[in-house]
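As a plain string of letters, each chain reads:
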Protein chains: 2
Amino acid sequence: MEPFADPPTSAMFIGELSGRTGCNIETIRYYERVGLLPAPPRSAGGHRVYGVDHLKRLTFIRRGRQLGFALKDVRGLLALVDGGGYTCDEVQALTLSHLDEVRLKIADLKVLEGVLGDMAAECEGGTVPACPVIEALFRGA
Amino acid sequence: MEPFADPPTSAMFIGELSGRTGCNIETIRYYERVGLLPAPPRSAGGHRVYGVDHLKRLTFIRRGRQLGFALKDVRGLLALVDGGGYTCDEVQALTLSHLDEVRLKIADLKVLEGVLGDMAAECEGGTVPACPVIEALFRGA
DNA sequence: TATAGAACCTGTAGTAACTACAGGTTCAAG
DNA sequence: CTTGAACCTGTAGTTACTACAGGTTCTATA
């Protein structure tokens, strides 16, 4: 769809970086504002000019987000990488901790799924002006 | 823990309403501000004085939220109830639609769980200054 | 080279659903 | 009548973006 040179050139504007990473333009500028992505040099006219290092870093951030890491976790991961002296243990610990959160959330949602399914199953449908779902909500937790 | 009269008296301050519903005080005032909970009468000194109707409505709101309904969905449900002429079909439709969203989210999270688990499993641990998780993140989606 | 229009710029405000103050007033028990 | 817990208003902060408005730059084409 997007006819970008391959391999990526060493200089691109924000639109191309956006296209290559799938990260939208406003979000890229946002990442710069909050210090996740370093401010790139500018063209004579003031346009941001990115290099492959930015592409790499933004790919990392975006993938982390897709995997459900909070921005502060991504920031932590990047700090480890930037520091250079990270160990596999540290990274694994962060990953496993996040995995736990994901599993917890899955468990919570499965409970919801069960309750909602049960509630909906009790509906008789039709135009009856009464509903077991509504009653359940009024009954509370 | 909370020694409230049982059954609920017909007049209580916000602290008691909070204790009875498990909904925190700031949140109750927030619901009032956004029009989900009607503004109650006030004591001579200006304290909010709630009745059992408020208790019932707040219980409904809170339970809806616990079940993962967005506030606007809760608002919709309450509008149905307030309107009086709701049918079981309408409510069931909203419930099933929300159930779909929950199931989608579960599916998404399970994918995450798989990917994160695989990534973490490849870690050799130890103090090796290299990590398959980091590499996977740099590789992108 | 002129020009049009796509792409870029800054800065601000809005989203969801609360939560957390600060700085002051009221309630009620002893 | 005092004291301190509970309450009040109003504003700002949180997460991670997204959506403008109003203006400038880039670049392909005539």
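Our structure's up above, just so we're on the same page.
Calculation criteria
The written sequence of each chain sets the order in which its residues are numbered from 1. Each chain gets a letter, beginning with A, and each ligand a number, beginning with 1, in the order they are written. Note on the predicted model: pLDDT of at least 70 is required for a residue's local features to be given, and 80 or more for side-chain atom pairs to be given and counted; whole-chain, interface and lining totals, by contrast, use all residues. In computing side-chain values, all of the structure's heavy atoms are included and hydrogens and water are not. Helix and strand assignments follow DSSP, with helices taken as H or I runs no shorter than four residues and strands as E runs no shorter than two, numbered in order from the N terminus. Radius of gyration here is computed from C-alpha atoms only, and the compact-globule reference equals 2.2 Å multiplied by the residue count raised to the power 0.38. Three labels apply to residues, based on accessible area from a 1.4 Å probe with only protein chains included: buried if under 20% of the type maximum, exposed if over 50%, partly exposed otherwise in between. In this analysis, two residues are considered to be in contact whenever any of their non-hydrogen atoms come within 4.5 Å of each other. Note on areas: Shrake-Rupley, 1.4 Å probe, and residue coverage restricted to the protein chains presented here. Only four residue types enter the tally: Lys and Arg on the positive side, Asp and Glu on the negative side; His and the chain ends are excluded. Where a charge sits is defined by one atom per residue type, namely NZ (Lys), CZ (Arg), CG (Asp) or CD (Glu). Being near a molecule or strand, for a residue, means having at least one of its heavy atoms within 4 Å of it. Identification of polar contacts relies on pairs of N or O atoms within 3.5 Å, with a donor-acceptor requirement for protein atoms, meaning one able to donate a hydrogen and the other able to accept it, and with residues adjacent in sequence counted only if both atoms are side-chain atoms. Each residue gets one label: Ala, Val, Leu, Ile, Met, Phe, Trp, Tyr, Cys and Pro are nonpolar, Asp, Glu, Lys and Arg are charged, and the others, such as Gly, are polar. Two parts lose some accessible area (1.4 Å probe) when they are put together, and adding that loss for both gives the buried area. We define a salt bridge as a side-chain nitrogen of Lys or Arg found within 4 Å of a carboxyl oxygen belonging to Asp or Glu.

(A) Spotlight on the overall build of chain A. Counting secondary structure elements, chain A contains six helices and zero strands. Put simply, chain A runs from its N terminus to its C terminus through helices and strands in the order α-α-α-α-α-α. Against the globule reference of 14 Å for 141 residues, chain A gives a C-alpha radius of gyration of 23 Å, more extended than a compact globule. Judged by the C-alpha coordinates and their principal axes, chain A covers about 70 × 40 × 25 Å. Out of the 141 residues in chain A, the part that is buried amounts to 40%. Restricting the contact set of chain A to residue pairs at least 6 apart, pairs at least 24 apart contribute 43%. Of the roughly 7,600 Å² of accessible surface on chain A, 54% is carried by carbon and sulfur atoms. For chain A, the centre of its 16 positive side-chain charges and the centre of its 18 negative side-chain charges are spaced 8 Å apart.

(B) Spatial organisation of the protein's contact with DNA strand C. As a structural note, the neighbourhood of DNA strand C is formed by 21 residues, with A:G15, A:R29, A:R48, B:T27 and B:R65 the closest of them. By atom count, sugar and phosphate contribute 81% of the portion of DNA strand C lying within 4 Å of the protein. Here A:R29 contributes a side-chain N or O atom positioned 2.5 Å from a phosphate oxygen of DNA strand C. B:S43 places a polar side-chain atom, nitrogen or oxygen, 3.0 Å from a phosphate oxygen of DNA strand C. Among the residues making up the surface near DNA strand C, the classes are represented as eight nonpolar, eight polar and five charged.

(C) Focus on the interface of chain A and chain B. At the interface, 52 residues of chain A touch 52 residues of chain B. Roughly 4,700 Å² is buried in total at the junction of chain A and chain B, and carbon and sulfur atoms are behind 78% of that figure. Inspection of the chain A/chain B interface yields two salt bridges. A:E113 is the salt-bridge partner of B:R103, the closest N and O atoms lying 2.8 Å from each other. At the junction of chain A and chain B, the tally comes to five residue pairs in polar contact (both at pLDDT 80 or more). Broken down by secondary-structure element, the contributors of at least two residues to the side of chain A that touches chain B are α3 (52-66), α4 (71-83), α5 (88-122) and α6 (132-139) of chain A. A total of 21 residues in the side of chain A that touches chain B trace back to one element, the largest contributor, which is α5(A). Residue classes in the side of chain A that touches chain B are distributed as 30 nonpolar, 13 polar and nine charged.

(D) Examining the protein's contact with DNA strand D more closely. Every one of the 22 residues lining DNA strand D counts as a neighbour, but A:G45, A:R65, B:G15, B:R29 and B:R48 are closest to it. Of all DNA strand D atoms lying within 4 Å of any protein atom, the proportion belonging to sugar or phosphate reaches 82%. Contacts to DNA strand D include A:Y31, whose side-chain N or O atom sits 2.9 Å from a phosphate oxygen. When contributions to the surface near DNA strand D are tallied by element, the ones reaching two or more residues are α2 (25-33) of chain A together with α1 (14-21) and α2 (25-33) of chain B. The element contributing the most residues to the surface near DNA strand D is α2(A), with four residues. Its residues placed into classes, the surface near DNA strand D shows nine nonpolar, eight polar and five charged.

(E) Region of interest: the environment of A:E113. With respect to the helices, strands and loops of the structure, A:E113 is situated in helix α5. Taking the C-alpha atoms as reference, A:E113 lies 21 Å from A:G68; in sequence the two are 45 residues apart. Excluding residues that lie within four positions of it along the chain, A:E113 makes contacts with B:L99, B:V102, B:R103 and B:I106.

Everything listed here is a matter of geometry and, on its own, says nothing about what the molecule does.
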